[in-house]
Number of protein chains: 2
Amino acid sequence: MIFGLQDYNFSVLLIKSDFPDYLGQWSLLGDIVEVDESLDAAAYRILSDRTGLDSLYLEQVKSFGTVNRHPAGRVITIAYYALVNIDQVRLVKDDNELHWHQIDQIDRLAFDHNEILDTCIRRLRDRIRSEPVGLNLLPDEFTLRDLQSLYETVLGITLDRRNFRKKFFGTGLLIDLKKQENNVRHRPAKLYSFDFEKYNQIKEESIHFI
Amino acid sequence: MIFGLQDYNFSVLLIKSDFPDYLGQWSLLGDIVEVDESLDAAAYRILSDRTGLDSLYLEQVKSFGTVNRHPAGRVITIAYYALVNIDQVRLVKDDNELHWHQIDQIDRLAFDHNEILDTCIRRLRDRIRSEPVGLNLLPDEFTLRDLQSLYETVLGITLDRRNFRKKFFGTGLLIDLKKQENNVRHRPAKLYSFDFEKYNQIKEESIHFI
DNA sequence: ACAAAAGTGTTAGATTTACACCCATGA
DNA sequence: TCATGGGTGTAAATCTAACACTTTTGT
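Every chain's residues receive numbers from 1 upward, in the order its sequence appears when written. The lettering of chains begins at A and the numbering of ligands begins at 1, in the order of writing. pLDDT decides what is reported in this predicted model: residues at 70 or higher carry local features, side-chain atom pairs at 80 or more are listed and counted, and totals for whole chains, interfaces and linings draw on all residues regardless. Side-chain metrics rest on all non-hydrogen atoms present in the structure, leaving aside hydrogens and water.

A. Geometry of the protein's contact with DNA strand D. Any residue with at least one heavy atom within 4 Å of a molecule or strand is counted as near it. Close contacts around DNA strand D come from 22 residues, with R187 of chain A together with R161, R165, H186 and K190 of chain B the closest. Between D160 of chain A and DNA strand D, the recorded distance is 3.3 Å, taken from a side-chain N or O atom to a base nitrogen. Contact between DNA strand D and N163 of chain A: a base nitrogen at 2.9 Å from a side-chain N or O atom of the residue. Secondary-structure elements contributing two or more residues to the surface near DNA strand D are α4 (161-170) of chain A together with α4 (161-170) of chain B. Whenever a nitrogen or oxygen atom comes within 3.5 Å of another N or O atom, the pair is scored as a polar contact, on the condition that within protein one atom can donate a hydrogen and the other can accept it, and that pairs from neighbouring residues in sequence are kept only if both atoms are in side chains. Numbered from the N terminus, helices here are DSSP runs of H or I no shorter than four residues, and strands are runs of E no shorter than two.

Structure below.
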């Protein structure tokens, strides 16, 4: 599962199934794990094949293994999600077979992929509150508006702007880049980056980001 | 992974490995998933074979699939943990091949089982704070001392008694059974049960138990 | 000058933490 | 009567939530 933010909307990359029983339905990306390849390596390979990116945030979520979930026979799927900065993605098959879809507009997917998607979303929502994984969805330099919007769209909630800023600055993990965005037709926002180095030193302290 | 409380200590059931490379070392319980059996069904089967119990709390945690983790060849392990009330367990092989071990006294396990164990413990510690899964480790009727001790031993922390009671009563999910323990050489504690029915109605509200 | 989003503090309420004494039972 | 753990309340500190006006830019 490849998640990204497309125009401030929480989205996932889907591909049209070429499997006869589900022809033309949207499905998640996947492939078979090779015998001489670890699960993580397979996940990175599949991701890289599809997006051209190779250093990404990946988390294994769950294995799905009911007996008749795939019409071709017994298939066990080990689900991972990746968080990507959508601007850096070059879709390898960028005809209409491979598309970003907004999470809240997804209807029926092929196979048991709705269940897998829901499970991954729940995991991400959990994770994003206590670890700074959401930053993988943004460029390295971002505004506080970007950051707040990320949490709002992924969690499907709205946040108070002043409280959000206070809380996030309170972590001491934002680096003021002394730069501003430009070409916006309103007061330009300051740009920040996230201090991953400092975070790695203090991450045992159970931080809450929102 | 089968977790239980043995004399108020957080423990896990281990078996002596009969695999040549790890002969005599302790390892986690496992078995092969049959082709016509779901992952969950396999987990329940293995558990029931070992403990004689069949209605238990089980959670899938993670799949482990590095290439050379098992000397016999490519093996992918899908880890689950179960929480059992140790008093109800009848060990099927209760010679010295199958034993409860206190978590904090476990040394080196066979295969990559230390890593699997650590991952499961982390998951359980996370889960237990926001869902009432810990109650599966206790008998149906318990004292507040039992309950506090459960959280303390699983999380490896100490808690203030008055605050713990206040917090837990605050959930409104404890049923006063109007009974007391007996044959203790101090003031007997009241017995409670957990209101799972009520919990299921309100579980969306994101409760924190400690 | 106007429209749009950026930036900024204070206060009330809720939650969390720290802490000490009397009570009921069995030995 | 003694030892052991059960049961109980309050106050300070911290955290969370609610809320409105001025600033800076492009058009």
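B. Expanded view of a positive patch on the surface. Residue and element names in this part refer to chain A. Residues qualify for a patch when their relative accessible area is over 30% and they have no salt bridge, like charges being joined within 9 Å and the nonpolar side chains of Val, Leu, Ile, Met, Phe, Trp and Tyr within 5 Å. Under the convention used here, a 1.4 Å probe and the Shrake-Rupley method define accessible areas, while residue burial counts only the protein chains that appear. Basic side-chain nitrogens of Lys or Arg form a salt bridge, by our definition, when they fall within 4 Å of a carboxyl oxygen of Asp or Glu. In this charge count, Lys and Arg are treated as positive and Asp and Glu as negative; neither His nor the chain ends contribute. Taken as the charge centre is NZ of Lys, CZ of Arg, CG of Asp or CD of Glu, depending on the residue. Taken together, the side chains of R145, R161, R162, R165 and K166 make up a positively charged region of the molecular surface. A per-element tally of the positive patch places α4 first, with 4 residues. By the element assignment, K166 lies in helix α4. The classification of residues rests on relative accessible area computed with a 1.4 Å probe and restricted to protein chains. Under 20% of the type maximum is buried, over 50% is exposed, and intermediate values are partly exposed. Overall, the relative accessible area of 56% leaves K166 in the exposed class.

C. Fine view of the protein's contact with DNA strand C. Near DNA strand C lie 22 residues; those nearest to it are R161, R165 and K190 of chain A together with V184 and R187 of chain B. Within 4 Å of the protein, the contacting atoms of DNA strand C are 43% sugar and phosphate, with bases supplying the remainder. Measuring from a base nitrogen of DNA strand C, one finds a side-chain N or O atom of R162 of chain A at 3.5 Å. Residue assignment for the surface near DNA strand C shows that the elements contributing at least two residues are α4 of chain A together with α4 of chain B.

All quantities given are derived from atomic positions and should not be read as evidence of function.
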